[in-house]
Amino acid sequence: MKNNCKLFFLAIIVLYLFIFINAQQQQATQAKPTPSPITVSQVKADIYEVKGGSGANCGFFIGEKEVMVIDAKMDAESAKQMIAEIKKLTPKPIKYVLLTHSDGDHVNGLTGFSQDITIIAQQQTRKDMDEAFKEPQQRLYLPGLTFSERLKIYSGNKVIELLYFGPAHTSGDVVVYFPDEKVAFIGDLFFRGRDPLIHRQKNGSSFGLVNVLREILKLDADTFLNGHSDPASKADIEGLIKSIEEKQSKIKALIQEGKSLDEIKKVFNVEDRPTQPGGRRWMSLVEVIYLELTEKK
Ligand SMILES: [Zn+2]
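Q: For the overall build of the protein, give the residues involved together with the corresponding values.
A: Helices and strands together make up the secondary structure of the protein, namely nine helices and twelve strands. Within the span of the protein, comprising 297 residues, buried residues form 46% of the whole. When contacts within the protein are restricted to residue pairs at least 6 apart in sequence, long-range pairs at least 24 apart make up 59% of them. In the structure as shown, the protein presents an accessible area of about 16100 Å², 53% of it carried by carbon and sulfur atoms.

Shown next, in the form of structure tokens:
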């Protein structure tokens, strides 16, 4: 009888462990969804956009003698898949990777590229990457060429302009502008259907973002490729500026009425929680604006 009892409890413990481990495994697989396949679409002439895989949308340009890639996906595997897609279209070598900013979903795939590429970034983006890239293998992929405000790259007769207009989404956001095709890659300076993300820890700024978007509107371009949505038009960018400015002036008025940050968040129905349990909390635009308006200069 005693032995039977022991066996029974043992069985219960084994069953419990089985359920527990299974649940843990399920959680682990849920946390890592398999990325969608890489797709390439022609935007205009020799300019292509790459979607899918892990990380943000990327792009590439097939020049006279070489290929330039814009942003590098989030892991080496996705970067290699993107490179394989490029090789299906051209035998020309990838010579440059141009970075729009330092976020991991745009730069962590650099290790999937050959080491002899030239990586170009705004100098502040290199500084942020220098802090983030800890592994020796990653450090081989710190940008080798930086600039402060403007850099022109020539490919045959064609010019590609890298433009920096000041801190916005991060402190080193670059616009990659193709004047002949009227196309610009603007990284995460544009978000669709949600508030823009501002990284205060990287010296990003909502007022800076409005200034930068106004500069982008001055470009002679009609197609604005971006990290996380379909290509934007000038009207889309104007709409984004308007929505940020409306929030800024409403939050300013609420601060003047003496409202606290929590009260203001309630007005906007903002829940500042991590998207996944235990995950990172992305600061809402409302909080960013509040902090910008109340910080002592
Ligand atoms: Zn970003």
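Here the narrative resumes, following the displayed structure.
Q: Would you mind going over unusual backbone geometry in detail, with residue names and values included?
A: Despite not being glycine, A45 shows a phi value in the positive range, around 40°. Note on placement: A45 falls in the loop between β1 (39-44) and β2 (47-51). Backbone geometry at N269 places phi at a positive 60°, although glycine is not the residue there. Turning to its location among the elements, N269 is positioned in the loop between α8 (261-267) and α9 (285-294).

Q: Pulling in residues and values, what's your account of the coordination of the zinc ion?
A: Only H101 (NE2), D103 (OD), H169 (NE2) and D188 (OD) from the protein reach the zinc ion as donors, at distances of 2.1 to 2.3 Å. One way to put it: the four donor atoms around the zinc ion meet at angles of 83 to 160°, and that makes the site irregular. In primary-sequence terms, the residues that donate to the zinc ion follow H-x1-D-x65-H-x18-D. Here D188 lies in the loop between β11 (183-185) and α6 (206-217) and H101 lies in the loop between β5 (94-98) and α3 (104-107), a separation of 87 residues in the sequence. Take D188: its relative accessible area is 4%, and that puts it in the buried class.

Q: Explain the environment of L291 to me, using residue names and the numbers behind them.
A: Note on placement: L291 falls in helix α9. Separated by 91 residues in the primary sequence, L291 and R200 place their C-alpha atoms 9.6 Å from one another. The contacts of L291, once residues within four sequence positions are left out, are R200 and M283.

Q: Would you mind going over the pattern of salt bridges in detail, with residue names and values included?
A: Within this structure, the stated rule accounts for 17 salt bridges. Of the charged contacts in the structure, one is a salt bridge between D103 and K202, with a shortest N-O distance of 2.6 Å. Placement of the pair is D103 in the loop between β5 and α3 and K202 in the loop between β11 and α6, with a sequence separation of 99 residues. With respect to class, D103 is no different from K202; both count as buried. Here E287 ties to K265 by a salt bridge, and the two come within 3.2 Å at their closest N and O atoms. Placement of the pair is E287 in helix α9 and K265 in helix α8, with a sequence separation of 22 residues. Linked by salt bridges that have partners in common, K158, D180 and E181 make up one network.

Q: Please give an account of the nonpolar core that cites residues and values.
A: Counting 34 residues, the largest nonpolar core has V175, I186, L189, L213, I216, F224 and I237 as its most contacted members. The contacts of L213, once residues within four sequence positions are left out, are L189, I237, L240, I241 and I244.

Q: I'd like a description of α9, backed by residues and values.
A: In terms of burial, α9 is largely enclosed, as seven of its ten residues are buried. Buried residues of α9: L285, V286, E287, V288, I289, Y290 and E292, and no others. Against the buried residues of α9 lie α6, α7 (234-256) and α8.

Q: If you had to explain the environment of V176 to someone new, which residues and values would you point to?
A: Within the element layout of this structure, V176 appears in strand β10 (residues 174-178). The buried category is assigned to V176, whose relative accessible area is 0%. Note: C-alpha distance between V176 and L163 (13 residues apart in sequence) is 6.5 Å. Beyond its immediate chain neighbours, meaning those up to four positions away, V176 contacts I70, L98, I160, E161, L162, V183, A184 and F185.

Q: Help me get a handle on the packing of α6 against α7, residues and values and all.
A: If you want to describe how two helices pack, look at the angle between their axes and the distance between the axes. Remark: α6 packs on α7, axes separated minimally by 10 Å, with the N-to-C direction vectors making an angle of 155°. Considering the angle they form, α6 stands roughly antiparallel to α7. Between α6 and α7 lies a crossing of left-handed hand. When α6 is examined against α7, the residues S206, F207, L209, V210, L213, R214, I216 and L217 are found in contact with a partner set consisting of K234, I237, E238, L240, I241, I244, E245 and Q248. Here the contact of α6 with α7 is composed, by residue class, of ten nonpolar, two polar and four charged.

Q: Describe the sheet that holds β2, naming the residues involved and giving the relevant values.
A: Note on sheets: strands pair through backbone hydrogen bonds, and any given pair is parallel or antiparallel. The seven strands are arranged β1-β2-β3-β4-β5-β6-β7 in an open sheet whose pairing can be described as mixed. Each having just a single partner strand, β1 and β7 (145-147) make up the two edges of the open sheet. Taken pair by pair, the neighbouring strands of this sheet meet at an average axis angle of 25°, ignoring direction. Bridge analysis of strand β6 (residues 118-122) against β7 gives three bridges, and the strand direction is parallel. Residue pairing in the sheet places Q122 in a bridge with F147 of β7. Sitting on the sheet, helix α2 (residues 76-89) is in contact with β1, β2, β3 (58-62), β4 (67-70) and β5, with an inclination near 25° to β3. Where helix α4 (residues 123-132) meets the sheet, its contacts fall on β6 and β7, and the angle it forms with β6 comes to roughly 110°.

What counts and what doesn't
Residues numbered from 1 in each chain as written. Predicted model: local features only at pLDDT ≥ 70, side-chain atom pairs only at ≥ 80, totals over all residues. Heavy atoms only, no water. Helix = DSSP H or I, 4+ residues; strand = E, 2+ residues; numbered from the N terminus. Buried < 20%, exposed > 50% of the residue type's maximum accessible area, 1.4 Å probe, protein only. Contact = heavy atoms within 4.5 Å. Areas by Shrake-Rupley, 256 points an atom, 1.4 Å probe, with all protein chains shown as cover. Donors = N, O, S within 2.8 Å, 3.2 Å for Na, K, Ca; no water. Tetrahedral: all angles 85-135°; square planar, octahedral: opposite > 155°, others 65-115°. Salt bridge = Lys/Arg side-chain N within 4 Å of Asp/Glu carboxyl O. Core = buried A, V, L, I, M, F, W, Y, C linked by side-chain atoms within 4.5 Å. Axes fitted to C-alpha atoms, helices over the stretch in contact; angles between N-to-C directions. Parallel < 35°, antiparallel > 145°, perpendicular 65-115°, else oblique. Left-handed = near helix turned anticlockwise from the far one by under 90°. Nonpolar A, V, L, I, M, F, W, Y, C, P; charged D, E, K, R; others polar. Pairing = 2+ DSSP bridges.

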